[in-house]
Amino acid sequence: MASSIASTPFKEAVPFARALGVATGIAFDSSDIMFVGDRSGMIYKVNGIGEESPWAQLEPSVSAYHLAFGPRCLFVCHRTDRRQLDSVMRVNPDGEASVFYKD
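Residues numbered from 1 in each chain as written. Predicted model: local features only at pLDDT ≥ 70, side-chain atom pairs only at ≥ 80, totals over all residues. Heavy atoms only, no water.

The next thing to look at is the packing of aromatic side chains. Remark: the centre distance and the inter-plane angle together describe each pair of aromatic rings, the angle taken between the planes. For the structure shown, the criterion picks out three aromatic pairs. Seen from their ring centres, Phe75 and Phe100 are 4.9 Å apart, and the 65° between their planes marks the pair as edge-to-face. In this pair, Phe75 is assigned in strand β8 (residues 74-78) and Phe100 in strand β10 (residues 97-102), connecting sequence segments 25 residues apart. With a relative accessible area of 21%, Phe75 lands in the partly exposed category. Through pairs of rings, three or more aromatic residues link up here, namely Phe35, Trp55 and Phe69. (Phe/Tyr/Trp six-rings, centres within 6.5 Å; stacked < 30°, edge-to-face > 60°. Helix = DSSP H or I, 4+ residues; strand = E, 2+ residues; numbered from the N terminus. Buried < 20%, exposed > 50% of the residue type's maximum accessible area, 1.4 Å probe, protein only.)

Following this line, the structure appears as structure tokens:
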């Protein structure tokens with residue numbers, strides 16, 4: 001299980017969130033809430049004290065998730081397998097995903 005690392009005022013790296021699977025993407029929304037993509041397809045929402053909760057479920061990725069926030073949604077770019085083309089998914093505030101763009 002991957003963990004997200006924070007640092008202390010003493011410049012020490014310490015785990016911030018632990019149960020994030022194989023974490024391959026990270027983004028922060030306008031409220032500074034952290035979102036982490038796991039290669040299994042889960043997007044986790046992580047609160048200010050490091051507690052994670054499943055937020056959205058996408059198809060598993062063979063490589064990584066790339067996350068970026070727009071004004072009202074999270075955009076997720078990922079590759080599902082070597083035969084399929086890359087796609088960009090749009091995830092609304094309720095964690096519901098839809099195809100935004102498919103190459």
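Membership of the largest hydrophobic core is limited to twelve residues, which are Ala27, Phe35, Ile43, Trp55, Ala56, Leu58, Tyr65, Leu67, Leu74, Val76, Met89 and Val91. Elements with a contribution of two residues or more to this core: β6 (52-57), β7 (65-69), β8 and β9 (87-91). Sequence-distant contacts of Trp55, that is, excluding residues within four places in its chain, are made with Phe35, Met42, Ile43, Tyr44, Lys45, Leu74, Val91, Asn92, Pro93, Asp94 and Gly95. (Core = buried A, V, L, I, M, F, W, Y, C linked by side-chain atoms within 4.5 Å. Contact = heavy atoms within 4.5 Å.)

The next thing to look at is the sheet that holds β8. Taken together, four strands build an open sheet; the order of strands is β7-β8-β9-β10 and the sheet is antiparallel. Looking at strand neighbours, the two that pair on one side only are β7 and β10, the edges of this open sheet. Between one strand axis and the next, the sheet turns through 25° on average, direction left out of account. Of the pairings in the sheet, the one linking β7 to β8 comprises five bridges and is antiparallel in character. (Pairing = 2+ DSSP bridges. Axes fitted to C-alpha atoms, helices over the stretch in contact; angles between N-to-C directions.)

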